[in-house]
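Examining the three-dimensional arrangement
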Amino acid sequence: MFAGRKKKIETPDTSVVVVAAGSASRMGGMDKQLVLLGGAPVLIHTLQRIGSCPSVREIIVVTREQSIPVLHQMVADFGLQKIRTIVTGGQTRQQSVRNGFREISAQSQFVAIHDGARPLVRPEDVEACIAAARESGAATLGVQVKDTIKQVDESGKIVSTPDRSVLYAAQTPQVFSVASYGIAAEKADIADRDFTDDCQLMEYAGMPVRMVKGSYDNIKITTPEDLAIAEGLLAYQCGWEDERDDAADWARI
């Protein structure tokens, strides 16, 4: 059912569309892509982590038109090497993804779609998701839900309690073969359907998507509270990396 961690294939066959074109309505007017996290803009963390993945050949950033000059300067200042282009988003997330999808290189076999506001994604998780897509054609990161989920009706009355053992919260990246994503997007356009999740787009086209177990710290920054949580998680990740490096050093003694 789930894809596991397999030996990575260090072949840069994947283009990544980073979606950073959303409004700041739930961030109190702050642009969540540009707000500082650990001393650097949120989006920079995202692009650095995605760019460090051996399977990624290029990154296309989709953002708001007014943010493009700022992002070009940030890319130069931080020396990001894999940015192919920065383009303007659309009216919806699906339209923004399509704008980025049109820019990927002809040599790319897979497209990974990632939220710019997920700056803590682990590169090893990205590689695992791409590896699963190589096998199955479509894959997404996700984590098993921790809470008991209740389904309610319009009056607020609980009508069912789904089995949480089979419930997963979808994350990004979501990775698809370029051919299959193009077919699915065309079907959605013909039917005038617009989806907020790219896996849902594939499901609508009748294409199965494999779930890859991700990490709980791959949160999406949506509200000011999320930013505070992300600061703590970033410190946790840095501490965990330091401990792992220390353990490796001891192993070599």
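In what follows, the accompanying structure is described. (Residues numbered from 1 in each chain as written. Predicted model: local features only at pLDDT ≥ 70, side-chain atom pairs only at ≥ 80, totals over all residues. Heavy atoms only, no water.)

Turning our attention to the overall build of the chain. Within the chain one finds seven helices and twelve strands. Excluding contacts between residues fewer than 6 apart, the proportion of contacts in the chain whose partners are at least 24 apart in sequence is 75%. (Helix = DSSP H or I, 4+ residues; strand = E, 2+ residues; numbered from the N terminus. Contact = heavy atoms within 4.5 Å.)

Another point: unusual backbone geometry. Here the bond from Thr-172 into Pro-173 is cis, since omega is 10°, no more than 30 degrees from zero. Within the secondary structure, Pro-173 is located in strand β11 (residues 168-177). Positive phi values are uncommon outside glycine, yet Asp-192 reaches one of about 55°. Within the secondary structure, Asp-192 is located in the loop between α5 (178-190) and α6 (198-204).

Before going further, it helps to spend a moment on the packing of aromatic side chains. Counted according to the given criterion, the structure contains three aromatic pairs. On the basis of an interplanar angle of 45° and a centroid distance of 5.4 Å, the ring pair of Phe-195 and Tyr-204 is categorised as tilted. Aromatic rings pair up to connect Phe-101, Phe-176 and Tyr-181 into one cluster. The ring of Tyr-216 carries the charged tip of Lys-146 above its face, separated from the ring centre by 4.1 Å. (Phe/Tyr/Trp six-rings, centres within 6.5 Å; stacked < 30°, edge-to-face > 60°. Lys NZ or Arg CZ within 6 Å of the ring centre and 35° of its normal.)

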